[in-house]
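# Per-entry structural report
Spelled out from the first residue to the last, the chains are:
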Amino acid sequence: NHFSKPPWKVYTRYLDDAFIAWEGEIGEIDLFIEYLNSTTPILKFTFSFDVNSINYLDVRLFKDHINYSIMSTICRKPTSCNSLLHYSSCHPEFQKCGIIKGQYIRLVRMISDDFYFVKKVEF
């Protein structure tokens, strides 16, 4: 490892997904991934890179160029079929309502702007 100090500003991990906000040289990202892959034969590290937005778990983080802040919204993977529980199933009514409430709370917590919130709720 030739990095004298960590070239990232933020590092977080959930199970096998890591999020790193890189502040080193862009060309060093490949070297860093090569280094990580050389540390163990069992794991294979991959990455995605974008200067404007990135998906982490089920959240899309993106730059707000007007307010100079980081915004968040929900992101759905292309394989997402949005099947939680069919409303005509034999589950108790409180469970069906609980799913709807839980999904609404998820949107409230994860979407940082009212405009994007309304777009997702109307979906």
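Now for a quick tour of the structure. (Residues numbered from 1 in each chain as written. Predicted model: local features only at pLDDT ≥ 70, side-chain atom pairs only at ≥ 80, totals over all residues. Heavy atoms only, no water.)

As a further point, take the nonpolar core. Among the nonpolar cores identified, the biggest contains 6 residues, and these are Val59, Ile74, Leu107, Met110, Ile111 and Phe117. Residues in contact with leucine 107, not counting those within four places in the same chain, are Ile74, Phe117, Lys120 and Val121. Within the second largest apolar cluster, 5 residues are counted, among which are Trp22, Phe32, Ile33 and Leu36. (Core = buried A, V, L, I, M, F, W, Y, C linked by side-chain atoms within 4.5 Å. Buried < 20%, exposed > 50% of the residue type's maximum accessible area, 1.4 Å probe, protein only. Contact = heavy atoms within 4.5 Å.)

On to the environment of alanine 21. By the secondary structure assignment, alanine 21 is in strand β2 (residues 17-22). By relative accessible area, alanine 21 is classed as partly exposed at 23%. (Helix = DSSP H or I, 4+ residues; strand = E, 2+ residues; numbered from the N terminus.)

This next bit is on a nonpolar patch on the surface. Taken together, the side chains of Ile26, Phe47, Phe49 and Val51 make up a nonpolar region of the molecular surface, amounting to roughly 390 Å² of accessible area. For phenylalanine 47, a relative accessible area of 41% gives the class partly exposed. (Patch = residues over 30% accessible without salt bridge, like charges linked within 9 Å, V, L, I, M, F, W, Y side chains within 5 Å. Areas by Shrake-Rupley, 256 points an atom, 1.4 Å probe, with all protein chains shown as cover. Salt bridge = Lys/Arg side-chain N within 4 Å of Asp/Glu carboxyl O.)

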